[in-house]
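Overview (structure and organization)
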Amino acid sequence: MQYQGTLIAVSDMEKAKQFYETVMEQKVIMDLGVHVAFGGFSLQSNYAELVGADLPGKTQPNNFQLYFEVEDLDYWQDKISGTQGIEFIHKAKEYPWGQRVIRFYDYDKFIVEVAESMASVAKRFLTQGLSVEETAERTMYPVEFVKSLM
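The structure contained in this document is the topic of the report that follows. (Residues numbered from 1 in each chain as written. Predicted model: local features only at pLDDT ≥ 70, side-chain atom pairs only at ≥ 80, totals over all residues. Heavy atoms only, no water.)

Remarks on the overall build of the protein
Within the protein one finds 6 helices and 8 strands. Ordered by position from N to C terminus, the α and β elements of the protein give β-α-β-β-β-α-β-α-β-β-β-α-α-α. Expressed as a percentage of the 150 residues in the protein, the buried residues total 42%. Sequence separation of at least 24 residues holds for 49% of the intrachain contacts in the protein that already meet a minimum separation of 6. If you sum the accessible surface of the protein, you get close to 8,800 Å²; carbon and sulfur atoms cover 52% of it. In the protein, the 14 positive side-chain charges and the 22 negative ones have mean positions that sit 3 Å from each other. (Helix = DSSP H or I, 4+ residues; strand = E, 2+ residues; numbered from the N terminus. Buried < 20%, exposed > 50% of the residue type's maximum accessible area, 1.4 Å probe, protein only. Contact = heavy atoms within 4.5 Å. Areas by Shrake-Rupley, 256 points an atom, 1.4 Å probe, with all protein chains shown as cover. Lys, Arg positive; Asp, Glu negative; His and termini not counted. Charge placed at Lys NZ, Arg CZ, Asp CG, Glu CD.)

Details of a negative patch on the surface
Residues Glu69, Glu71, Asp72 and Asp78 make up a contiguous surface patch of negative charge. Relative to the helices and strands, Asp72 is located in the loop between strand 5 (65–70) and helix 3 (73–81). (Patch = residues over 30% accessible without salt bridge, like charges linked within 9 Å, V, L, I, M, F, W, Y side chains within 5 Å. Salt bridge = Lys/Arg side-chain N within 4 Å of Asp/Glu carboxyl O.)

As for the sheet that holds strand 2 (residues 28–31)
Taking strand neighbours across the sheet as the criterion, the 4 strands line up as 1-4-3-2 in an open arrangement whose pairing is mixed. At either end of the open sheet lies a strand with only one pairing partner, and these are strand 1 (6–9) and strand 2. With direction set aside, neighbouring strand axes in the sheet form an average angle of 20 degrees. Both strand 2 and strand 3 (residues 35–38) contribute to a ladder of 3 bridges, which runs antiparallel. Its bridge partner being in strand 3, Met30 is matched across the sheet by Ala37. (Pairing = 2+ DSSP bridges. Axes fitted to C-alpha atoms, helices over the stretch in contact; angles between N-to-C directions.)

Focus on helix 1 (residues 13–23)
Those residues of helix 1 that sit buried are Met13, Ala16, Lys17, Phe19, Tyr20 and Val23. One side-chain oxygen at the N-terminal end of helix 1 lies 3.2 Å from the backbone nitrogen of Glu14; it belongs to Asp12. (Polar contact = N/O pair within 3.5 Å; in protein donor to acceptor, adjacent residues only side chain to side chain.)

A word on the sheet that holds strand 5
Read from one edge to the other, the open sheet built from 4 strands follows the order 5-8-7-6, with strand pairing classed as mixed. The strands lining the two open edges of the sheet, one partner per strand, are strand 5 and strand 6 (87–94). Averaged over all adjacent pairs, the angle separating strand axes in this sheet is 15 degrees, with direction ignored. Across 6 bridges, strand 5 lies against strand 8 (residues 111–116) in parallel orientation. Each residue of the ladder has a partner; that of Glu69, found in strand 8, is Ala115. Strands strand 5, strand 6, strand 7 (100–105) and strand 8 of the sheet are contacted by helix 3, whose axis makes an angle of about 15 degrees with strand 7.

With respect to the pairing of strand 6
In this sheet, strand 7 lies alongside strand 6 in antiparallel orientation, the contact comprising 5 bridges. By the bridge assignment, His90 is partnered in strand 7 with Arg103.

Comments concerning the nonpolar core
Tyr20, Met24, Leu43, Phe68, Ile80, Phe104 and Val114 are the most contacted members of the largest nonpolar core, which has 26 residues in total. The element contributing the most residues to this core is helix 1, with 5 residues. (Core = buried A, V, L, I, M, F, W, Y, C linked by side-chain atoms within 4.5 Å.)

This is the structure in structure tokens:
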């Protein structure tokens with residue numbers, strides 16, 4: 001068995017597709033109108049009909065998120081902040097291992113997380129003057145990983 005991705009049921013396909021394609025810069029792999037596939041996840045506009053069951057939509061489930069990694073979190077925070085109708089859960093927040101993350105709701109109230117890649121976190125620490133060993137300890141990544149970034 002091989003996992004093939006996540007499907008989220010959306011209320012307005014055009015609005016959701018525009019958000020993920022334009023704002024989140026995801027490439028459409030396949031567009032069937034009611035089903036749009038991106039790399040790793042898909043949108044479905046007629047989910048209850050597809051499944052053949054009465055499935056009332058739950059708004060803002062808060063127990064599921066789509067996760068994206070980026071190299072420049074500040075750029076993405078500014079871009080998302082400028083997108084009408086997007087509500088932040090929190091803006092840039094740094095975790096003990098150094099990774100900075102933002103979380104917000106998409107138009108269907110699914111949580112979206114955008115986080116710095118750990119490679120960019122390690123590079124940031126190295127640029128700030130931390131040694132390879134200090135960076136490895138702070139990020140909880142192996143020394144070999146940190147060395148590979150130099």
